[in-house]
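Breakdown of the fold
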2 protein chains.
Amino acid sequence: MKKTNFPTAQDVEAAFYEALEAGDVDAMMEVWSDDEDVVCIHPGGPRHCGYADVRASWAELFSGSSRLQVQVSNLVVLSGMMLVVHALRESIAVKGDQRPAVAVAATNAYMRTGQGWRMILHHASPAPQGPAQQRTVEPEAPKVLH
Amino acid sequence: MKKTNFPTAQDVEAAFYEALEAGDVDAMMEVWSDDEDVVCIHPGGPRHCGYADVRASWAELFSGSSRLQVQVSNLVVLSGMMLVVHALRESIAVKGDQRPAVAVAATNAYMRTGQGWRMILHHASPAPQGPAQQRTVEPEAPKVLH
C-alpha cells in the first residue's frame, strides 16, 4: 500500500536519489508506479520490466554493504501533462572510497497517477567523463583573448 | 521547413529507424522536434542537446560508408497525452558484415507538437546479449514436462 502522494515529478526524483543513496528498497519502491510496464536499466545491465522485477533488481544492488553517493546535474526537462521525462547526468561515488566518481547518463520518466506522480522508467548507462571530471586537467597555457 | 506531419509516435519511430538504416541526415532530422531541449545519446557517447548538436552527431555517425541494419523488439509503450516514451531493444548489424548483431537498449520519447508527433529524446546504450542472441545455445537436454 503506497502512502506518499508526490505532488510533482521533481519530488519523485528527489525521493528516488534519496532512496538510492540510502540503499533502501522499500523507499525506492515507494517511488515507482505499481505497474507491469515500468522499466529499469542499470548501467550496462539487462532491462528489468514490471514492478516485481524492478524491485528485485534494486534489492540485489542494495544487498552489499557499500553505500553510493550521487550528484545530479545537467538536467533537461521534457514535460507533457501526464508524463514528464528528465535527462540528466549522475556522478556516482562509493561512500568512504577515494576513487573518483563515475559519470552516468540517465533518462527518468514520471507519470501522473491517481496517487500523484510516480517513476515509470529509469535508464542509466555509462557516460564519458565530462567537464565536471576534466576540470582538474588544466591547459598547458591559459587562453588569452585579444 | 518541416513537411511531414506524423500522426502518431509510432509513425515517428518507424521514420527514425528508416532514416538510421538509410544513413540519411535530412530524413533523420525530419523526425526530431526543432527544439533546444531535444536530447540524443549514442551508445557510450556523450549527451547531445539541442537540434543543431543532435544533427551534427548524426551527420558524424552517417559520414562513413557502411550502413546499419536495425531490428527492434521488446517494445514497452508508456503513454501520456502529449508525450509518449518507448523502451525497446535494438539489434544493430553492419550491412554486408558477417559479425553478429550488437544489442542496444534504447529509450525513445516523442511529443505531440503543432505539426504532429516528433522525437524529443533518444537514449541508446550497450546492452548484454539477450535471449535473441542466446537462442542458438541449446540446453544439453530438452526439458520435458510430466
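In what follows, the accompanying structure is described.

Parameters at a glance
- Residues numbered from 1 in each chain as written.
- Chains lettered and ligands numbered in written order.
- Predicted model: local features only at pLDDT ≥ 70, side-chain atom pairs only at ≥ 80, totals over all residues.
- Helix = DSSP H or I, 4+ residues; strand = E, 2+ residues; numbered from the N terminus.
- Expected span 1.5 Å × (residues − 1).
- Buried ≥ 20, exposed ≤ 12 C-beta atoms within 10 Å, placed from the backbone.
- Arc of directions from axis to C-beta.
- Contact = placed C-beta atoms within 7 Å.
- Core = buried A, V, L, I, M, F, W, Y, C linked by C-beta atoms within 7 Å.
- Nonpolar A, V, L, I, M, F, W, Y, C, P; charged D, E, K, R; others polar.
- Pairing = 2+ DSSP bridges.
- Axes fitted to C-alpha atoms, helices over the stretch in contact; angles between N-to-C directions.

What follows concerns helix H1 (residues 9-22) of chain A. Residue and element names in this part refer to chain A. Between its first and last C-alpha atoms H1 spans 20 Å; for 14 residues at 1.5 Å apiece the expected length is 20 Å, and the two agree. Within the span of H1, buried status applies to Ala9, Val12, Glu13, Phe16, Ala19 and Leu20. Looking down the long axis of H1, one finds its buried residues gathered within 130° of arc, a one-sided arrangement. Looking at the buried residues of H1, the elements they touch are helix H2 (25-31), strand E3 (68-79), strand E4 (83-94), strand E5 (102-113) and strand E6 (116-126). Backbone geometry just downstream of H1 places Gly23 in the positive-phi region, at approximately 65°.

With that settled, the discussion passes to the nonpolar core. In this structure, A:Val85, A:Tyr110, B:Val85 and B:Tyr110 are the most contacted members of the largest nonpolar core, which totals 66 residues. Among all residues touching A:Tyr110, those that are not within four sequence positions of it are A:Ala9, A:Val12, A:Val84, A:Trp117, A:Arg118, A:Met119 and A:Ile120.

A few words on the interface of chain A and chain B. Counting residues at the interface gives 28 residues for chain A, matched by 28 residues for chain B. The element contributing the most residues to the side of chain A that touches chain B is E6(A), with five residues. Tallied by class, the residues present in the side of chain A that touches chain B amount to 19 nonpolar, seven polar and two charged.

For the rest of this paragraph, the subject is the sheet that holds E3(A). Residues and elements named next belong to chain A. One open sheet holds the six strands; their spatial order is E2-E1-E6-E5-E4-E3, and the pairing between them is mixed. Each having just a single partner strand, strand E2 (47-49) and E3 make up the two edges of the open sheet. Averaged over all pairs of adjacent strands, the angle between strand axes in this sheet comes to 25°, irrespective of strand direction. Where strand E1 (residues 39-41) meets E2, three bridges bridge the pair, whose relative direction is antiparallel. Across the sheet, residue Val39 finds its bridge partner in E2, namely Cys49. With respect to the sheet, H1 is in contact with E3, E4, E5 and E6, its orientation differing from that of E3 by roughly 160°. Sheet contacts for helix H3 (residues 51-61): E1 and E2; angle to E2, the most-contacted strand, approximately 130°.

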